[in-house]
Amino acid sequence: MDREEVHFGEGEPFTLGLEEELFVVDPDDGRLLNAGAAVLEQLGELDRGEVKNELHRSQIELITGICSTVDEAVSELCELRAAVLATGVGLAACGTHPTAVEGDSVTTDNPRYERIGNLLGDAGATPVCAVHIHVGMPDAATAIRVFNGLRRHLPLLEALAANSPYRHGRDTGLASARELTLRSWPRAGVPRAMADFDDFVRSTARLTRVAEVPDYTFHWWKLRPHPRLGTVEIRALDTQVSPQHTEALVAAVHALARYEADAEPVEGPPAEILDEASFRAARAGVEASLPDDEDRMRPVCELLEEMMARVRPAARELRCERQLDGLTALLADGGGAGVQRAACGDGDFTALLKALVARADDSVEHMRTAG
């Protein structure tokens, strides 16, 4: 990794940047549309942020600028959603489209995405959507410290974010079917803890050579330092069904990153325990029991209460204490998976798709009330 690729400390520490992947759907019935390119052609000039293509033509990605607070970042996402909706399409905010089947979605006509599609084969046939959260780091050493600290919190965050119970027109029996798809991708789990930044650079260079990919942006880890952007990035979370759920999770990540930057390091779980905990989170979502730091199995609600108490001073410093408290409402909703299952009832996918489209429209109202 060249020195000019490392940009830690070039901006204000602990700023935020969000990337939200969404499904482009018919605004009336929620059916998947391969219309991402058409949306970009129709978009007018944006006041802030950016909208881009994604791996599949049925997806778009909303990208905020560098933001100081959770409120600013999520409000910017809502503005971008509103701009996309104004083109006449619908949006569905979930980790997997509930009823689309393989073949409904095609790869975007773009050299990078075509290369990824060829590399993944059938593993990339089902489109999935995530929200990626970037937290700016003051220096490389802090980035590694935060990366190592966040590893042990990933299963709890994944459980809270689980929002894809349906795939291919059926209930998968999981809260996050997106996790099933991502487990078939290479370099998509959680890397080991790193001794320091040099260890990360050496490990990244070695894996890049062995994988025969251009650079570390083809390492689709759930969590990674991102030297080019000067951030630590969490990529493990399903796209959320509502802006309220999004802001609660972003607040959790923001506060955890700030907390771990100064906390006494705690040895994270070994890879096999972390992998098991991650699957348990995907399997049961907010109803999961997960291992704590001593491998005792604890319900998500208990682990969440402890985490919120631990990071509350950091949340207060970052002005996201109110948004952090939104995790309580998310838990009461059953997470996104619970919201979807309530809308679907005994298998009414028509009602579910309409509910997802309506909830994506709610982003406009959220923007107005937040402002």
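Above this note sits the structure.
Below or above, wherever it landed, is the structure these notes cover. Predicted model, so just to flag it, every value in this text is computed and none were measured.

## Re the side chain of aspartate 238
Step number 1: Within the secondary structure layout, aspartate 238 lies in strand E9 (residues 231–238).
Step number 2: Since its relative accessible area comes to 1%, aspartate 238 is described here as buried.
Step number 3: Looking at aspartate 238, its side chain comes within polar contact range of the side chain of arginine 178, at 3.2 Å.

## Quick word on empty space enclosed by the protein
Empty space among the atoms becomes visible once a probe the size of a water molecule is rolled across them.
Step number 1: This model, assessed by the stated rule, comprises four cavities of 30 Å³ or more.
Step number 2: As a volume, the largest cavity reaches approximately 70 Å³.
Step number 3: As for the largest cavity, its lining consists of 13 residues, of which Ala100, Val101, Thr126, Pro127 and His168 are closest to the centre.
Step number 4: Of the residues assigned to the lining of the largest cavity, the class counts are five nonpolar, six polar and two charged.
Step number 5: Space inside the second largest cavity adds up to approximately 60 Å³.
Step number 6: Lining of the second largest cavity is provided by Glu158, Ala161, Ser176, Arg178, Glu179, Ala236, Leu237, Asp238, Ala281 and Ala282.
Step number 7: Listed by contribution, the elements that provide at least two residues to the lining of the second largest cavity are helix H5 (154–161), helix H6 (177–182), E9 and helix H9 (271–284).
Step number 8: Tallying contributions element by element places E9 first for the lining of the second largest cavity, with three residues.
Step number 9: Residue composition of the lining of the second largest cavity, by class: five nonpolar, one polar and four charged.

## Regarding helix H7 (residues 197–211)
Step number 1: Over its 15 residues, H7 runs 21 Å from end to end, which matches the ideal 21 Å to within 8%, given 1.5 Å per residue.
Step number 2: On its buried face, H7 is in contact with helix H4 (140–151) and strand E8 (223–226).
Step number 3: Residue aspartate 196 occupies the N-cap position of H7, its side-chain oxygen lying 3.3 Å from the main-chain nitrogen of aspartate 198.
Step number 4: Phi turns positive, to about 55°, at glutamate 212, one or two residues after H7.

## Quick look at the nonpolar core
Step number 1: Of all hydrophobic cores here, the largest spans 77 residues; its most connected members are Val84, Leu160, Ile234, Leu237 and Leu327.
Step number 2: Sorting elements by how many residues they give to this core places helix H8 (residues 243–262) first, with ten residues.
Step number 3: The contacts of valine 84, once residues within four sequence positions are left out, are Val39, Leu43, Val51, Ile60, Leu62, Val89 and Leu91.
Step number 4: Judged by nonpolar contacts, the second largest core, of 15 residues, contains Phe23, Ala92, Tyr166 and Phe349.

## Points about the packing of aromatic side chains
Step number 1: Counted according to the given criterion, the structure contains five aromatic pairs.
Step number 2: Pairing phenylalanine 218 with tryptophan 220 gives two aromatic rings, centres 6.1 Å apart and planes at 55°, and the pair type is tilted. Assigned by exposure class, phenylalanine 218 and tryptophan 220 land together as buried.
Step number 3: Each residue in the set Phe8, Phe197 and Phe200 is aromatic and connected to the rest through ring pairs, giving one cluster.
Step number 4: Looking at arginine 112, its charged tip hangs above the ring of phenylalanine 218, at a distance of 4.3 Å from the centre.
Step number 5: If you follow arginine 115 out to its NZ or CZ, it ends over the ring of phenylalanine 218, 5.9 Å from the centre.

## Focus on the layout of surface pockets
Step number 1: By volume, the second largest pocket is sized at about 450 Å³.
Step number 2: Lining the second largest pocket are 23 residues, with Arg152, Pro291, Asp292, Asp293 and Leu303 positioned closest to its centre.
Step number 3: Among the secondary structure elements, those contributing two or more residues to the lining of the second largest pocket are H5, H9, strand E10 (289–291) and helix H10 (300–317).
Step number 4: Looking at the lining of the second largest pocket, its residues break down into twelve nonpolar, two polar and nine charged.

## Comments concerning the packing of H5 against H10
Step number 1: The contact between H5 and H10 brings their axes to 11 Å, and the two run at 115°. Crossing of H5 over H10 shows left-handed handedness. Touching Leu156, Ala159 and Leu160 of H5 are Val300, Leu303, Leu304 and Met307, all from H10.
Step number 2: Grouping the amino acids of the contact of H5 with H10 by side-chain chemistry returns seven nonpolar, no polar and no charged.

## What to know about the environment of alanine 342
Step number 1: If you trace the backbone, alanine 342 turns up in helix H12 (residues 335–344).
Step number 2: Residue alanine 342 is classed as exposed on the basis of its relative accessible area of 62%.
Step number 3: Separated by 35 residues in sequence, alanine 342 and methionine 307 have C-alpha atoms that sit 27 Å apart.

## Here we look at the pattern of salt bridges
Step number 1: What the rule picks out here adds up to 30 salt bridges.
Step number 2: Between lysine 52 and glutamate 50 there is a salt bridge, with the nearest N and O atoms lying 3.9 Å from each other.
Step number 3: Judged by relative accessible area, lysine 52 falls into the partly exposed class, the value being 38%.
Step number 4: Across the salt bridge formed by aspartate 238 and arginine 178, the nearest N and O atoms sit 3.2 Å from each other. Here aspartate 238, found in strand E9, pairs with arginine 178, found in helix H6; they are 60 residues apart in sequence, far enough to count as distant.

About the cut-offs
- Residues numbered from 1 in each chain as written.
- Predicted model: local features only at pLDDT ≥ 70, side-chain atom pairs only at ≥ 80, totals over all residues.
- Heavy atoms only, no water.
- Helix = DSSP H or I, 4+ residues; strand = E, 2+ residues; numbered from the N terminus.
- Buried < 20%, exposed > 50% of the residue type's maximum accessible area, 1.4 Å probe, protein only.
- Polar contact = N/O pair within 3.5 Å; in protein donor to acceptor, adjacent residues only side chain to side chain.
- 1 Å grid on protein atoms, 1.4 Å probe; cavity = no way out; pocket = protein on both sides within 12 Å on 5 of 7 lines; lining within 4 Å.
- Points joined across faces, edges and corners; volume = space filled by probe spheres on them.
- Nonpolar A, V, L, I, M, F, W, Y, C, P; charged D, E, K, R; others polar.
- Expected span 1.5 Å × (residues − 1).
- Contact = heavy atoms within 4.5 Å.
- Core = buried A, V, L, I, M, F, W, Y, C linked by side-chain atoms within 4.5 Å.
- Phe/Tyr/Trp six-rings, centres within 6.5 Å; stacked < 30°, edge-to-face > 60°.
- Lys NZ or Arg CZ within 6 Å of the ring centre and 35° of its normal.
- Axes fitted to C-alpha atoms, helices over the stretch in contact; angles between N-to-C directions.
- Left-handed = near helix turned anticlockwise from the far one by under 90°.
- Salt bridge = Lys/Arg side-chain N within 4 Å of Asp/Glu carboxyl O.

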